[in-house]
Structure formats: C-alpha cells, structure tokens
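A closer look at the structure
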Amino acid sequence: MPTVHVYMMSGRTSQQKEALISEVTDAVVSSLSAPKENVRVIISEVPKSEYGIGGVTGEKLGR
C-alpha cells in the first residue's frame, strides 16, 4: 500500500487539494503499477508562520 505524504503551506482550496490527491494517486498508479484503491495520499498543511524558505517564514515572504 503506497503512501505519499505531502507537506505544504496552508491556504489551498479544497478543490486544489482534491486535484492534488487525484493527480498524485494517478502518478503512483502509473509509476508503481499499484492498484488505485491501495494508494494513500496524506496532506499536512503547515501554517505560513511555521514554514521556512531560505531562512525566512512563508508569512514574511508573502506566500
């Protein structure tokens, strides 16, 4: 059972997250020949104030 864990800054819509889950699932099915029903995708959203890019928070970068 392949499991993919995606960490990203918060702020995406439900529709964007659903699209991500669908497309990541398709990529796993295609690349690993795994049955679609066995693929798991977990999204963990991190607040922008707790996500660092180049030593600066995503919040300060205006992300």
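Residues numbered from 1 in each chain as written. Predicted model: local features only at pLDDT ≥ 70, side-chain atom pairs only at ≥ 80, totals over all residues. Heavy atoms only, no water.

1. Observations concerning the overall build of the protein
Applied cut-off: Labels follow the DSSP assignment, with helices taken as runs of H or I lasting at least four residues and strands as runs of E lasting at least two, numbered in each case from the N terminus. The globule rule is 2.2 Å times the number of residues to the power 0.38, and the radius of gyration it is compared with is taken over C-alpha atoms. The rule is simple: take the accessible area with a 1.4 Å probe, protein chains only, and divide by the maximum for that residue type; under 20% is buried, over 50% is exposed, in between is partly exposed. For this analysis, residues touch if any pair of their heavy atoms sits within 4.5 Å.
Counting secondary structure elements, the protein contains one helix and four strands. If you list the helices and strands of the protein from N to C, you get β-α-β-β-β. Its C-alpha atoms give the protein a radius of gyration of 14 Å, clearly above 11 Å, the size a compact globule of 63 residues would have. Oriented by its inertia axes, the alpha-carbon framework of the protein measures out at about 40 × 25 × 15 Å. Expressed as a percentage of the 63 residues in the protein, the buried residues total 19%. For the protein, contacts bridging at least 24 residues in sequence account for 60% of all contacts bridging at least 6.

2. Quick look at the environment of V39
Inspection of the secondary structure puts V39 in the loop between α1 (14-32) and β2 (40-46). Residue class for V39 comes out buried when judged on its relative accessible area of 10%.

3. Observations concerning the pairing of strand β1 (residues 3-9)
Spelled out, the test is: Paired strands, as defined in this entry, are two strands with at least two bridges between them according to DSSP. Whether a crossover is right-handed depends on one test, that the path from the first strand over the helix to the second runs clockwise when the strands point away from the viewer.
Bridge count for β1 against β2 is seven bridges, and the pairing is parallel. Bridge pairing links V4 to V41 in β2. Each parallel crossover has a hand, and for β1 linked through α1 to β2 it is right-handed.

4. Section: the UniProt feature "active site" (unreviewed entry) in the protein
What counts here: UniProt positions are given in the numbering used here, feature names are shortened, and annotations may be inferred rather than shown by experiment.
Residues annotated by UniProt as "active site" (unreviewed entry) correspond here to P2. Within the secondary structure layout, P2 lies in the segment before β1. For P2, a relative accessible area of 21% corresponds to the partly exposed category. Not counting residues within four places of it along the chain, the set of residues in contact with P2 comprises V28, L32, A34, N38, V39 and R40.

5. Examining the pattern of salt bridges
Put simply, the rule reads: What counts as a salt bridge is simple: a side-chain nitrogen of Lys or Arg found within 4 Å of a carboxyl oxygen of Asp or Glu.
Under the definition given, this model contains two salt bridges. Residue E45 pairs with K17 through a salt bridge whose shortest N-O separation is 3.0 Å. Of this pair, E45 sits in strand β2 while K17 sits in helix α1, and the two are 28 residues apart along the sequence. Its salt-bridge partner being D26, residue K36 comes within 3.6 Å of it at the nearest N-O pair. Taken together, the residues K36 in the loop between α1 and β2 and D26 in helix α1 connect sequence positions 10 residues apart. Looking at K36, the relative accessible area reads 52%, which means it is exposed.

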